[in-house]
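Coordinate inspection notes
Spelled out, the chains give:
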Amino acid sequence: MKSKNKAHEDERLKQLKSYNLLDTLSEKELDDIVQIASEICNTPISLISLIDENRQWFKAKKGLDIDQTPRDVAFCSHAINGEGAFIVENALNDSRFKTNPLVLNSPNIFFYAGVPLVNNSGYKLGTLCVIDNKPKKLSDSQIKSLEALARQCMSFFELRKRKNKYVRYLKETKKINKILSDINHLGCSKQYLNNDLFNSFLKKAIHYFGLEYGIISYIHDNQYFVEYVESPNNEIEAGSSFDLINTYCFKTYNSAKTITYLNIGSDSEMNGHPIYKNMKLESYIGTPIKINDLVVGTLNFSSKTIKKEKFSKADINFIEILADLISRELTIQSINNSLNNSNKRLEISLAGADLGVWDWNLINNEILYDQRWCEMIGLNVIDVKMHLSSWLERVHPEDKIKCKKAFLEYNEGKTKSYSMVHRLKHTNGEWVYILSRGRFSKFDKNGKPIQFTGTHLDITEEIRNKNELVLSEKRLRSAQKIAKIGDWSFDVNTNQINWSDQMYDIFNENPEQGPPSLDDHISSIHHDDIVEWQEKVTACIQKAKPYTLRFRIINKNKQTKWVLAKGRPSIDIEGKIFLIHGTCQDVTEQVEAEEKIKEASAAKSAFLANMSHELRTPLNAIIGYSELMLDDINESLDIESLKSDIDKIKKSGNHLLSLINQVLDLSKIEAGKEDIAKDNVNLSDSVNEVKDMIGSLISMNGNHLKINIQAKNNYLLDKNKYKQILINLITNSLKFTKNGEVKIKVEEVNINNILHIKTTVTDNGIGIPKDKLNLIFNEFTQADTSTTKKYGGTGLGLSISKKFCEILMGNISISSTENYGTETVFTLPVTKIVEIKQKEKIKRNSNKNKNVLVIDDNEHDLLLISKAFKKSGLKVKQAKNGAEALSIFTKFRPQIIILDIYMPEMNGFEFLDAIDLNEIKSNILIYSSESFSKKQKSDFLKKAISIDEKGRTSVLQMVSKANKLLESLSKEAS
Amino acid sequence: MTLVLVVEDNEINQDLIKRRLIKKDFQVIMASDGEEGLEMIKTHNPNIVLLDLSLPKMNGWDVAKNIKADSKFNKIPIIALTAHAMDGDREKALNAGCDEYEVKPINYDSLFEKIHSLLK
């Protein structure tokens with residue numbers, strides 16, 4: 001409803017402005033009206049008040065000195081809201097006005113009667129009102145008179161508007177005439193003035209031919225009209241008319257050719273002609289004036305004297321050129337006439353002298369261009385060929401089809417006129433944007449257009465400005481999208497919110513539904529932030545205080561987002577805040593990042609505090625016992641007691657060492673510097689090694705260990721890390737179990753078609769409370785702080801185990817029931833190498849025929865590795881980089897590729913991507929003289945596994961450092 | 001003779017502190033967790049308590065709070081012994097009611113000084 005009112009108000013203001021009344025001088029007619037109104041109503045004050053956005057302005061006034069008042073205190077604002085006369089008999093009794101400054105102060109309005117000034121469309125522009133500084137009552141007849149006066153006033157406004165329009169129209173017409181007069185100068189000397197151009201022609205030609213009479217005639221319906229004439233003593237008058245047949249021109253007209261007579265008296269055919277009889281005109285030269293190939297009249301010269309010499313070819317040329325010029329002029333006049341009749345012409349002519357004119361003969365494609373037309377594209381009218389080609393060859397190739405289409409649409413009657421923007425090439429090489437408009441100006445008998453006339457307007461600047469505007473708007477929007485910034489405004493008076501596109505994205509709202517209401521918007525703000533938001537916004541609205549506020553919103557998808565909003569007040573000329581506007585940025589990502597940093601920093605502090613605590617405990621023992629021993633040595637030398645103390649120092653020292661080692665492990669993992677080794681692992685061996693290492697721990701709590709190895713193959717696996725994980729898990733179980741059983745099970749499983757080793761450690765110990773289970777992998781966390789004291793341990797074991805599993809692309813999980821037991825499971829992806837080894841062994845015998853391609857940019861390594869293979873009798877080729885290797889690869893078809901990763905031009909990974917791995921059955925060994933990054937390793941491992949998955953025999957291995965590669969080569973060779 | 005109660009769960013620390021105190025002619029009794037410590041204060045009414053803060057069953061801060069809230073025993077001085085040596089740990093111990101604070105590893109000279117000044 002509010003927006004409807006606003007639309008109505010916008011339209012009302014538009015209409016008001018169209019009358020051009022505001023801030024103009026006073027006008028007698030209107031002054032008279034207020035004079036009469038005040039007399040009829042017997043009031044000291046009468047006004048014609050016009051109400052615009054924020055004030056009432058008095059077009060006519062009696063009894064008041066000011067020109068305007070703010071709109072919000074104006075009585076007239078009320079008057080234009082209702083129908084008919086608005087009357088306040090005593091403002092002091094009216095709650096709406098009793099505190100109004102215009103009542104309390106000068107001019108002390110006590111009585112007010114206003115009649116709206118309603119225009120034809122029903123919009124109220126203002127009022128005719130009468131005011132008194134004492135209470136009053138109007139009689140019915142007074143009110144009726146006031147209403148009548150208001151109507152008078154309004155009809156004066158209408159008349160005035162029409163008059164203004166007419167004056168404007170006259171001005172435009174003059175402008176057009178000025179342009180067209182420029183055209184008149186085409187091909188003529190500038191000394192001719194517009195008005196007597198034709199007479200100048202005639203005079204000049206009479207002189208040239210040495211004849212006496214010159215006439216430009218217009219012939220219509222066999223009537224010969226003298227349009228322009230030069231004659232001795234002005235004996236022939238312009239405007240007189242004859243039957244065509246009674247003039248010498250009938251033949252000229254009918255034949256449409258130039259006709260000459262030298263001595264009509266001696267011409268048997270002509271000497272009976274009425275003209276000869278009446279005027280004794282002996283000599284004559286006449287030529288048709290054609291417009292669009294239709295003869296419309298003649299140009300003819302004659303004399304009473306006999307011409308002795310024949311009219312020369314030059315004479316005939318001369319008269320025909322003149323006729324042509326006249327024809328052009330008449331064409332232009334016809335344009336003038338036809339355009340003058342159309343409102344369109346008015347509109348086009350608004351651009352005034354900037355218009356270029358063209359006139360196109362559709363029969364022969366000749367086009368007349370005027371001076372301005374030529375100037376627009378840097379041409380001089382004298383040099384321009386008056387033909388379609390002059391235009392056509394300058395039109396931008398991309399625009400030609402558009403022009404043709406627009407012309408055809410107009411020709412077929414689909415459009416009312418031809419109107420189109422196209423580019424023309426300026427002589428300076430730049431493209432000029434032209435608004436071309438035209439319409440058919442002449443038709444043949446069948447109604448087919450034969451003349452097409454119009455204008456050119458150079459709109460390059462406007463287009464450029466518009467493009468720049470569109471571009472900068474585009475850029476702004478795109479920047480806002482990237483930065484997730486939207487902009488908004490809020491109308492303080494109507495509570496209307498306006499949003500840019502990006503705002504809808506941030507709030508996840510549908511732009512088609514428009515911006516939300518204020519209430520809806522408030523309901524999307526997080527309830528914990530709403531108070532602060534309201535404070536800021538209120539301060540902005542009431543105290544013009546700009547604000548910046550970060551708060552949460554709940555968008556339509558129930559997502560919580562952080563936004564950073566900035567708001568600024570807009571203040572109108574009276575210092576009132578009418579709008580606040582600003583930006584709103586989605587800063588969720590930033591806030592989340594900040595929170596992560598905070599969490600990380602808190603975790604680091606907690607880690608440090610824990611570390612400090614953990615290190616102090618063994619140090620306490622070491623220092624304490626050392627001090628005790630120093631004391632004891634002085635007092636007694638009880639060797640047994642000293643031994644026991646030294647043992648305690650040693651144990652504490654060892655504990656400290658394992659603590660420091662594990663912390664280093666952890667920091668290495670966190671820095672991503674942990675290497676992954678690919679060892680040939682027999683799991684049964686590895687588990688037994690672990691069992692030996694734990695040793696005495698097993699029996700300490702009266703437990704026994706049960707080992708079940710089902711994965712009996714050899715696997716590619718990082719042996720040390722596997723063992724370390726297992727040690728951590730088994731010692732944990734042993735520590736927290738008394739007189740129980742710890743079971744270890746190792747088996748092969750398939751996860752997503754990838755072979756894994758699953759290792760399960762189960763105990764029947766004290767278990768872990770449910771609420772502590774999810775913390776168990778964090779650093780320095782044991783289920784209870786006191787357990788550290790009771791059971792020892794660094795609290796880092798599980799944390800490190802988990803991180804090792806992650807590095808090896810595996811998984812670890814724990815499940816537990818308090819007082820019943822705990823089960824820890826970890827799975828690691830592996831490559832089975834048992835079969836390959838066997839195959840390799842078989843193949844090794846036929847190795848003699850195998851091709852090896854060694855690729856390394858380091859020449860030393862290249863030679864070294866090549867040598868090792870040559871020794872075993874294999875065919876070896878070398879390449880210094882991936883590109884070189886690629887060229888060798890296709891012909892050489894190597895079965896074994898030794899590939900360095902870091903190489904110039906094409907590195908190892910790029911080489912692998914370039915060769916078709918499906919085509920080859922090569923064993924590829926990859927190594928690098930630098931350590932691999934974490935990402936490279938995991939990418940490569942994925943690749944290696946995926947290739948094996950497809951069942952191909954290719955084995956991809958990674959070895960860091962060339963010397964390790966040689967080691968593994970020599971192992972295989974042995 | 002002065003009776004000292006040591007509340008400490010780590011056996012090595014128990015041994016160390018006990019031997020040091022005995023050398024200085026203190027009579028020493030031991031408790032291994034917070035609950036036991038609180039019980040022994042009430043039954044033995046020691047002259048001074050050396051209290052570890054990280055204890056099983058009831059932590060040292062709670063033991064101190066309990067003692068200081070009991071009008072019968074709140075005059076007994078308490079020295080906190082802890083490996084918690086970060087900023088704020090001292091304040092935390094004093095706020096809980098401890099009279100003094102000693103960081104592990106224990107500097108025994110400093111500890112005895114504190115014991116003596118508290119017993120004066």
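Residues numbered from 1 in each chain as written. Chains lettered and ligands numbered in written order. Predicted model: local features only at pLDDT ≥ 70, side-chain atom pairs only at ≥ 80, totals over all residues. Heavy atoms only, no water.

Turning our attention to the overall build of chain B. Counting its secondary structure elements, chain B contains five helices and five strands. Shown N-terminal to C-terminal, the secondary structure of chain B runs as helices and strands in the order β-α-β-α-β-α-β-α-β-α. Taken across its 120 residues, chain B has 54% of its residues classed as buried. Partitioning the intrachain contacts of chain B with sequence separation of at least 6 by distance along the chain shows that 58% fall at a separation of at least 24. Counting only carbon and sulfur atoms, one obtains 45% of the accessible surface of chain B, whose full area is about 5,600 Å². (Helix = DSSP H or I, 4+ residues; strand = E, 2+ residues; numbered from the N terminus. Buried < 20%, exposed > 50% of the residue type's maximum accessible area, 1.4 Å probe, protein only. Contact = heavy atoms within 4.5 Å. Areas by Shrake-Rupley, 256 points an atom, 1.4 Å probe, with all protein chains shown as cover.)

Scanning chain A for helices and strands turns up 31 helices and 35 strands. For chain A, the proportion of its 974 residues judged to be buried stands at 46%. In chain A, of all internal contacts separated by at least 6 residues, the share reaching a separation of at least 24 is 60%. When the accessible area of chain A is evaluated, it comes to approximately 51,900 Å², of which 51% is carbon and sulfur surface.

Residues and elements named next belong to chain A. Counting buried positions along strand β7 (residues 213–220) gives six out of eight residues, so the element sits mostly inside the fold. Pairing between β7 and strand β12 (residues 294–303): six bridges, direction antiparallel. Paired with Tyr-218 across the bridge in β12 is Gly-297. Here β7 pairs with strand β8 (residues 223–230) via seven bridges, running antiparallel. (Pairing = 2+ DSSP bridges.)

Let us look at the sheet that holds strand β9 (residues 241–243) of chain A. All names here are of chain A. The six strands are arranged β9-β8-β7-β12-β11-β10 in an open sheet whose pairing can be described as antiparallel. Since the sheet does not close on itself, it has two edges, and those belong to β9 and β10 (259–261), each with one partner. The average angle at which neighbouring strand axes cross in this sheet is 25°, direction not considered. (Axes fitted to C-alpha atoms, helices over the stretch in contact; angles between N-to-C directions.)

Our focus in this paragraph is the sheet that holds strand β17 (residues 449–458) of chain A. Backbone hydrogen bonds hold the strands of a sheet together, and the pairing may be parallel or antiparallel. All names here are of chain A. Taken together, five strands build an open sheet; the order of strands is β14-β13-β17-β16-β15 and the sheet is antiparallel. The open sheet terminates on both sides in strands that have one partner only, identified here as β14 (367–369) and β15 (418–425). Each strand axis lies, on average, 25° off the axis of its neighbour in the sheet, ignoring direction. Both strand β13 (residues 356–361) and β14 contribute to a ladder of three bridges, which runs antiparallel. Residue Trp-360 lies in a different strand from β14, and its bridge partner there is Ile-367. Here helix α13 (residues 397–411) sits on the sheet in contact with β15, β16 (431–443) and β17, set at roughly 160° to β15.

The next subject is the pairing of strand β20 (residues 547–554) of chain A. Residues and elements named next belong to chain A. Alternating residues of β20 divide into Tyr-547, Leu-549, Phe-551 and Ile-553, all buried, and Thr-548, Arg-550, Arg-552 and Ile-554, none buried. When β20 meets strand β21 (residues 560–571), the two strands line up antiparallel, connected through eight bridges. Counterpart to Ile-553 in the pairing with β21 is Lys-561. Linking β20 to β21, which pair antiparallel, is a turn of five residues; within it Lys-558 sits at a positive phi near 65°.

The next thing to look at is the interface of chain B and chain A. Between chain B and chain A, the residue contacts involve 21 residues of the former and 22 residues of the latter. Across the chain B/chain A interface, buried area totals approximately 1,900 Å², and carbon plus sulfur atoms make up 55% of it. The shortest N-O distance in the salt bridge between B:Arg20 and A:Glu627 comes to 2.8 Å. Seen at the junction of chain B and chain A, the total is seven residue pairs in polar contact (both at pLDDT 80 or more). Of the residues forming the side of chain B that touches chain A, the biggest block, seven residues, is contributed by helix α1 (residues 11–23) of chain B. For the side of chain B that touches chain A, the residue count by class is 10 nonpolar, four polar and seven charged. (Buried area = accessible area lost by both parts, 1.4 Å probe. Salt bridge = Lys/Arg side-chain N within 4 Å of Asp/Glu carboxyl O. Polar contact = N/O pair within 3.5 Å; in protein donor to acceptor, adjacent residues only side chain to side chain. Nonpolar A, V, L, I, M, F, W, Y, C, P; charged D, E, K, R; others polar.)

The next subject is the packing of helix α20 (residues 683–694) of chain A against helix α22 (residues 719–735) of chain A. Residue and element names in this part refer to chain A. The geometry of α20 relative to α22 is characterised by a closest axis approach of 10 Å and an angle of 50° between their N-to-C directions. Considering their axes alone, α20 and α22 lie oblique with respect to each other. Where α20 crosses over α22, the handedness of that crossing is right-handed. Of the residues in α22, those in contact with Leu-683, Ser-686, Val-687, Glu-689, Val-690, Met-693 and Ile-694 of α20 are Lys-719, Tyr-722, Lys-723, Leu-726, Ile-727, Ile-730, Thr-731 and Leu-734. (Parallel < 35°, antiparallel > 145°, perpendicular 65-115°, else oblique. Left-handed = near helix turned anticlockwise from the far one by under 90°.)

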